[in-house]
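The lines below spell out each chain.
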Amino acid sequence: MDPKKRFCIKQGLKVNIVLKQDQRSGKLTQGIVKNILTNSPTHPHGIKVRLMDGQVGRVQEIL
């Protein structure tokens, strides 16, 4: 499961994302995918998603 490939990310999946403000520190936030925001099939920094709680970030790990 590669977090840089869009087809690996599904709604309802538990993931760790990095929020925009946490990109320097690398702090991860855990949550459930609500929407996939990246349209391209891959992205070098991870696929951008919105979590159920409304936070937006790029997927770093699929749990």
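Residues numbered from 1 in each chain as written. Predicted model: local features only at pLDDT ≥ 70, side-chain atom pairs only at ≥ 80, totals over all residues. Heavy atoms only, no water.

1. Observations concerning the sheet that holds strand β2 (residues 28-36)
Taken in spatial order, the 4 strands of this closed barrel run β1-β2-β3-β4, and their pairing is antiparallel. Adjacent strand axes in the sheet meet at a mean angle of 70 degrees when their direction is disregarded. Pairing of strand β1 (residues 14-19) with strand β4 (residues 56-62) involves 5 bridges; the strand directions are antiparallel. Counted as the bridge partner of I17 is V59 from β4. (Pairing = 2+ DSSP bridges. Helix = DSSP H or I, 4+ residues; strand = E, 2+ residues; numbered from the N terminus. Axes fitted to C-alpha atoms, helices over the stretch in contact; angles between N-to-C directions.)

2. Let's talk about the pattern of salt bridges
A complete count under the given rule lists 2 salt bridges for this structure. The partner of K5 in a salt bridge is D2, with the nearest N and O atoms 3.2 Å apart. We classify K5 as partly exposed; its relative accessible area is 32%. Ionic pairing is found between D22 and K27, a salt bridge with its closest N-O pair at 4.0 Å. (Salt bridge = Lys/Arg side-chain N within 4 Å of Asp/Glu carboxyl O. Buried < 20%, exposed > 50% of the residue type's maximum accessible area, 1.4 Å probe, protein only.)

3. Some words on the side chain of D22
Following the sequence through the fold, D22 ends up in the loop between β1 and β2. Residue classification places D22 among the buried positions, given a relative accessible area of 11%. Excluding residues that lie within four positions of it along the chain, D22 makes contacts with K27 and T29. (Contact = heavy atoms within 4.5 Å.)

4. Digging into the environment of C8
Residue position: C8 is located in the segment before β1. Judged by its relative accessible area of 9%, C8 falls in the buried class. Expressed as a C-alpha distance, the spacing of C8 and T42, which sit 34 residues apart in the sequence, is 9.9 Å. Aside from chain neighbours lying at most four places away, what touches C8 is M1, D2, L13 and I62.

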